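One-letter residues, chain by chain:
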Amino acid sequence: MAQTATKPLRFTEEQIEQANRVSLVELAQQYGFKLEKGGRKAFHAQNSGGLYIFKDSNRFYHWTSNSKGGAIDFVMKYDGKTFTEAVAQLIGESYEPYVRERIPYVKAEKGPLVLPDKAANFKRAYWYLVSIRGIAPEVVSLLMNGRKIYQEAKYGNCVFVGYDRDKNPKYCSMRAARKESDFKQDKENSDKSYPFYIEGKNDTVIVSESPIDLMSHATLAKMHGLDWKQDHRLSLGCTWDGALERYLKDHPEIKRIVFALDNDFNTRDKDGKRAPNYGQVAAEKYCGKYGEQGYACAIHRPHLKDFNQDLTEIRKGKSPKELDAMRVSILEAEFEREARDEPEEESEDELEP
């Protein structure tokens, strides 16, 4: 097919601002996303891998890909446009104005999940999880023996795997096995609806956000003299509950759900402003959702941000009361910083639209 060369379009700052003023809420709906409340100032797109639309700032954030931006970035991401094409489409330059169209969102087909190569031994991953993260050796060994945790050959990362009922790998997340690194990533073509889990024996499932949180909660149960193998345990890989929905379908014996999600008490948004407590907002939401389905639901909230932070501080000798005092101290320091940094007067131009 012959291609027609076109002269690149150049846009003024005013035209770019005009493009970014197109409503992201309407734009997402036109792409076929079904929006629901995702916090006080955000909408959550169902079955999107964690797409949030912030209505006041007209920005989006996508948890799975860690991508964010305004209307232009949204069109570039979900329509495969270049910057120039996206701006032109949004302001109607050489196109019919996009906001008048109804273009259904077609999700791209995923290819097969290819797991990273395994290292000759898993010593570094084991050391990191036990010595740095404070997880009980028995918990790590159980999951390594079950092929749910291993060490990547090339970089030495920890690899966490979720399987389907036929033991085929469907989900894979990676985490750097180094104290000084915060690298974490889902492998391409991972399906978050297949959880990383420990299968239990009773009618209770404990739901965490990440594999390390899952193992930390199990370790804390063990430290309190409880049989950590009795409860089912799974991680969502985020705050989307697709993995929980699938697990419940496969385990009809489950009658009780405990949401052990993060305590994001000190979270900031993209602009550095205080954000909602996403983990606890999700926990409250899911208690309502699954309570209506007949499950007995409860929330187990960590003292600090997550159960691994609780665990590592408890390993240092901290008591629950001291953990609460640490949280209060963090908040007080933030409040003092905000008071120091707050300008005496703020012009209308500086306010968030």
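Residues numbered from 1 in each chain as written. Predicted model: local features only at pLDDT ≥ 70, side-chain atom pairs only at ≥ 80, totals over all residues. Heavy atoms only, no water.

**Some points on the pattern of salt bridges**
Okay, step 1: Counting across every chain of the model gives 13 salt bridges.
Okay, step 2: Between Asp-250 and Arg-165 there is a salt bridge, and its shortest N-O distance comes to 3.4 Å. Of this pair, Asp-250 sits in helix α8 (residues 242-250) while Arg-165 sits in the loop between β7 (158-163) and β8 (169-175), and the two are 85 residues apart along the sequence.
Okay, step 3: What makes Arg-165 exposed here is its relative accessible area of 65%.
Okay, step 4: Between Asp-264 and Lys-305 there is a salt bridge, with its nearest N and O atoms 3.5 Å apart. Linking Asp-264 in the loop between β13 (256-259) and α9 (278-292) with Lys-305 in the loop between β14 (296-299) and α10 (307-315), this pair joins segments that are 41 residues apart in sequence.
Okay, step 5: Shared partners join several salt bridges into a network, and the residues in it are Asp-241, Glu-245 and Lys-289. (Salt bridge = Lys/Arg side-chain N within 4 Å of Asp/Glu carboxyl O. Helix = DSSP H or I, 4+ residues; strand = E, 2+ residues; numbered from the N terminus. Buried < 20%, exposed > 50% of the residue type's maximum accessible area, 1.4 Å probe, protein only.)

**A look at the packing of aromatic side chains**
Okay, step 1: By the definition in use, this model includes 16 aromatic pairs.
Okay, step 2: Between the aromatic rings of Phe-122 and Tyr-150, the centroid separation amounts to 6.3 Å while the plane-to-plane angle is 40°, which identifies the pairing as tilted. Taken together, the positions of Phe-122 in the loop between α4 (83-91) and α5 (123-132) and Tyr-150 in strand β6 (residues 149-151) put the pair 28 residues apart, joining distant regions of the chain.
Okay, step 3: Its relative accessible area of 25% is what places Phe-122 among the partly exposed residues.
Okay, step 4: A ring pair is formed by Tyr-290 and Tyr-295, whose centres lie 6.2 Å apart and whose planes are at 70°; its orientation type is edge-to-face. (Phe/Tyr/Trp six-rings, centres within 6.5 Å; stacked < 30°, edge-to-face > 60°.)

**Here's the deal with the environment of Lys-201**
Okay, step 1: When you line up the elements, Lys-201 lands in the loop between β10 (196-198) and β11 (204-208).
Okay, step 2: Through-space distance from the C-alpha of Lys-201 to that of Asp-231 is 6.2 Å; in sequence the pair is 30 residues apart.
Okay, step 3: Residue contacts for Lys-201: discarding those within four places in its chain leaves Lys-229, Gln-230 and His-232. (Contact = heavy atoms within 4.5 Å.)

**Points about the confidence of the model for the protein**
Okay, step 1: The predicted model of the protein averages 86 in pLDDT, with 85% of residues at 70 or higher.
Okay, step 2: This model gives residues 1-8 a pLDDT under 50, and the stretch forms 0 contacts once residues within four places in sequence are excluded. (pLDDT = per-residue confidence, 0-100.)

**What about the packing of helix α1 (residues 13-20) against α4?**
Okay, step 1: Look at α1 against α4: their axes get within 8 Å of each other, and the N-to-C directions meet at 70°. Here α1 is positioned roughly perpendicular relative to α4, judged by the angle of their axes. Seen from α1, the contacting residues are Gln-15, Ile-16, Gln-18 and Ala-19; seen from α4, they are Phe-83, Val-87, Leu-90 and Ile-91.
Okay, step 2: Considering only residue class, the contact of α1 with α4 consists of 6 nonpolar, 2 polar and no charged. (Axes fitted to C-alpha atoms, helices over the stretch in contact; angles between N-to-C directions. Parallel < 35°, antiparallel > 145°, perpendicular 65-115°, else oblique. Nonpolar A, V, L, I, M, F, W, Y, C, P; charged D, E, K, R; others polar.)

**Some details on the sheet that holds β13**
Okay, step 1: If you trace the 5 strands from one edge of the open sheet to the other, you get β10-β12-β11-β13-β14, paired in mixed fashion. The outermost strands of the open sheet, each flanked by one partner alone, are β10 and β14. Here the average twist between neighbouring strands, direction ignored, is 20°.
Okay, step 2: In terms of strand pairing, β13 meets β14 through 4 bridges, oriented parallel. What sits directly across from Arg-256, in β14, is Ala-296.
Okay, step 3: Running at roughly 150° to strand β12 (residues 232-235), helix α7 (residues 211-223) makes contact with β10, β11 and β12 of the sheet. (Pairing = 2+ DSSP bridges.)

**With respect to the packing of helix α6 (residues 137-145) against α7**
Okay, step 1: With their axes 9 Å apart at the nearest point, α6 and α7 run at an angle of 135° to one another. By the angle class used here, α6 and α7 are oblique. In this structure, α6 crosses over α7, and the sense of that crossing is right-handed. Touching Glu-138, Val-139 and Leu-143 of α6 are Met-215, Ala-218, Thr-219 and Lys-222, all from α7. (Left-handed = near helix turned anticlockwise from the far one by under 90°.)

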